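Structural description and commentary
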Amino acid sequence: MEAPKKNAVLGPLVGAVDQGTSSTRFLVFNSKTAELLSHHQVEIKQEFPKEGWVEQDPKEILQSVYECIEKTCEKLEELNIDISNIKAIGISNQRETTVIWDKNTGEPLYNAIAAPVSPGPSDPVAVVPSGSSVPAAGTSSVWLDLRTQSTVANLGGTILGNNFIKSKTGLPLSTYFSAVKLRWLLDNVEKVQKAVEEDRALFGTIDSWLIWSLTGGPKGGVHCTDVTNASRTMLFNIHSLQWDQELCQFFDIPEKILPSVRSCSEIYGLMKSGALEGVPISGCLGDQSAALVGQMCFQDGQAKNTYGTGCFLLCNTGRKCVFSDHGLLTTVAYQLGRDKPVYYALEGSVAIAGAVVRWLRDNLGIITTSDEIEKLAKQVGTSYGCYFVPAFSGLYAPYWDPSARGIICGLTQFTNKCHIAFAALEAVCFQTREILDAMNRDCGFSLRHLQVDGGMTNNKILMQLQADILYIPVVKPSMPETTALGAAMAAGAAEGVNVWSLEPKDLSAVTVERFEPQINAEESEIRFSTWKKAVRKSMGWVKTPSLADIFGGPSIFSSLPLGFFVMGSMLMLIGGRYISGNQ
């Protein structure tokens, strides 16, 4: 909730751009209390020029940032808050989305090629009812731009038996990450090819495009990114923290078009126009890393789960890279200062979370609005032995079985729509436990509690079920804007700004809602084991072609761990099945 009208003098303020797949927002926080004072949101369009292609207009994204900043500043003035108190700006952005532009004119050379949705922690309507208000930054029903499947297949054929991509980047070779999108642009867009030849082209993810544009563009704009976004390109060595020459050579990407890589918390440049001209841009993180910081997961073993269309789980593994044996990604969590250490994370996702609620609404008509699922589940308080496995396009981590399909089992004459609604919520929780168990095995210790955010966390039955099924407490902050808060914290803490202390003793106490397990451990395990029995029943429903059938030869993915960000790509799903047996 925004602050009421006030005349009191406030401490230093920090702004945060939260740029997601479906909207852009600008939010302003009090650096001493972490209170949200005001914000503005603008919806942005997605374009679908061909089936399986997802694009956005980089200029529309940039204009939406300017509009959000201007409108938020107007709202602050209406609250008698002096915008000169805004001392820094942070940026949180949709990851992996790829932009390439002309450094002389500032014009994009092609639309931004979008990545799978990263559901925003601050997302108030992650599962959007028909006719509802605009979802917050990060929400989308679009999972994947698939134009690069052939690019991945061609590249994969050159590295049979070689796992060097994962060892350097923590990532699998996948359509998800920026390198293959950039390779596609270089192969298929003549304007891009010519600009590269003439040394006019610059590449970046959305953060790079925004920082370059906001700090002057063709007139001295700063071309940089941060370590979290760089770590999602498949070109960045997460050990040396530099662009990797071997990877650039493998993907045939000219290093001259890549941005410089900076920490998440330092002054990159100053705003060159608008209401906040002269204010430093001093914080930058990919959205899921920003949420981890906003949740203050600064200790080894602390984890957050974001509940939206899917779920994104990140676990802080400290200053060491932990490589997964269970299909999780290794990624950079944050680096809060140029001289500060880099922290790493394991990341996992659940493909179908809020999407299962939408399916019940749109496909079965069991509910008419997404909020109704909580009411139905509350009426019965149990699934009555009904289990729902939403394997609509196969099973992902940790199973990697593309032959699986969704099932609802355990039905009796007594089962009604309320039990199915309850089972759907349980399915989200069971899938989260599968990922958390994988994280526990990879990390070598068990999480003591799970911090949560995202639109679905407003469902109290879901949160209680999650605590029961994990058999650990689930902790939800009362201030839901964790993504933007993380970007603001990084910006305010930057050297030369120094208005937000990240010392544990100085961090503002966050009011939380805590959900404790309300069943005994034995019952929790029985329910989970029954879920796994249902999962096994879902397997083998369709015949899937072998990789040899697809590519005309042996598996090109024989040593690549798939990871779980391949949600729309059956090719990569099939590869994942081979991965689990070859690690």
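These notes cover the structure that comes with them. (Residues numbered from 1 in each chain as written. Predicted model: local features only at pLDDT ≥ 70, side-chain atom pairs only at ≥ 80, totals over all residues. Heavy atoms only, no water.)

1. What about the overall build of the protein?
Inclusion rule: Counting from the N terminus, the helices are the DSSP runs of H or I reaching at least four residues and the strands are the DSSP runs of E reaching at least two. Residue exposure (1.4 Å probe, protein chains only): buried if accessible area is under 20% of the type maximum, exposed if over 50%, otherwise partly exposed. Any two residues whose heavy atoms approach within 4.5 Å at even a single point are treated as in contact. Reported accessibility uses the Shrake-Rupley method at a 1.4 Å probe radius. Residues are deemed covered only where the shown protein chains occlude them.
Each helix and strand counted, the protein has 17 helices and 23 strands in total. Here the protein holds 583 residues, and the buried ones make up 64% of them. Long-range contacts, defined as pairs at least 24 residues apart, comprise 74% of the intrachain contacts of the protein with a sequence gap of at least 6. Of the roughly 21,000 Å² of accessible surface on the protein, 49% is carried by carbon and sulfur atoms.

2. Describing the pattern of salt bridges
The condition is simple: What makes a salt bridge here is a side-chain nitrogen of Lys or Arg within 4 Å of a carboxyl oxygen of Asp or Glu, nothing more.
Tallied over the entire structure, the rule returns 23 salt bridges. Across the pair glutamate 266 and arginine 262 runs a salt bridge whose closest N-O atoms are separated by 2.7 Å. Relative accessible area serves as the criterion here: at 6%, glutamate 266 is assigned to the buried category. Several salt bridges share partner residues, and in doing so they unite Arg95, Glu96, Arg232, Asp287 and Glu347 into one network.

3. Digging into the nonpolar core
It is characteristic of soluble globular proteins that their nonpolar side chains tend to be buried jointly. Going by this rule: What makes a nonpolar core is a set of buried Ala, Val, Leu, Ile, Met, Phe, Trp, Tyr and Cys residues whose side-chain atoms join them at distances within 4.5 Å.
Within the largest apolar cluster, 75 residues are counted, with the highest numbers of intra-cluster contacts made by Phe29, Met234, Phe251, Ile257 and Tyr334. Those residues within four positions of methionine 234 in sequence are excluded, and the remaining contacts are Ile165, Thr169, Leu171, Pro172, Leu173, Ser174, Phe177, Ala179, Val180, Leu247 and Phe251. Counting residues in each nonpolar core, the second largest holds 66 residues, with Phe388, Cys418, Ala423 and Ile472 among its members.

4. A few points about unusual backbone geometry
Most peptide bonds take the trans form, and the phi angle of most residues other than glycine is negative. Although it is not a glycine, methionine 296 sits at a positive phi angle of roughly 60 degrees. Of note, methionine 296 is situated in the loop between helix H9 (287-294) and strand S15 (303-307).

5. Observations concerning the side chain of threonine 330
Counted only if it meets this: The term polar contact refers here to a pair of N or O atoms within 3.5 Å; inside protein, the definition further demands a hydrogen-donor-capable atom paired with an acceptor-capable atom, and it admits residues adjacent in sequence only when both atoms are side-chain atoms.
Tracing the chain through its elements places threonine 330 in strand S17 (residues 329-334). Of note is the side chain of threonine 330, whose polar atom sits 2.6 Å from the backbone oxygen of valine 322. Once residues within four sequence positions are removed from consideration, threonine 330 is found in contact with Thr169, Gly170, Leu171, Ile238, Cys321, Val322, Phe323, Ser324, Ala345 and Leu346.

6. Some thoughts on helix H13 (residues 460-470)
Of all the eleven residues making up H13, ten are buried; the element is thus mostly covered by neighbouring parts of the structure. Turning to H13, its buried residues number three or more, namely Ile461, Leu462, Met463, Gln464, Leu465, Gln466, Ala467, Asp468, Ile469 and Leu470. N-cap assignment for H13: the residue whose side-chain oxygen lies 3.1 Å from the backbone N of isoleucine 461 is asparagine 459. At the C-terminal side of H13, tyrosine 471 shows a positive phi close to 55 degrees.

7. Considering the sheet that holds strand S14 (residues 280-286)
The strands making up a sheet associate through backbone hydrogen bonding, with each pair oriented either parallel or antiparallel. Applied cut-off: Strands were regarded as paired on the criterion that DSSP finds at least two bridges between them. The angle between two axes is taken between their N-to-C directions and runs from 0 to 180 degrees, where each axis is a line fitted to C-alpha atoms and a helix contributes only its stretch in contact.
Strand order across the open sheet formed by six strands is S3-S2-S1-S5-S14-S13, with mixed pairing between neighbours. Across the chains shown, the open sheet's two edge strands, defined by having one partner strand only, are strand S3 (36-43) and strand S13 (265-270). When the angles between neighbouring strand axes are averaged without regard to direction, this sheet yields 25 degrees. Note that strand S2 (residues 23-30) and S3 share seven bridges and pair antiparallel. When the bridges of S3 are listed, threonine 24 appears paired with valine 42. Contacts between H9 and the sheet are confined to strand S5 (86-93) and S14, with S14 contributing the most and set at about 105 degrees to the helix. Seen against the sheet, helix H14 (residues 482-492) touches strand S1 (13-19), S2, S5, S13 and S14 and runs at an angle of roughly 130 degrees to S1.

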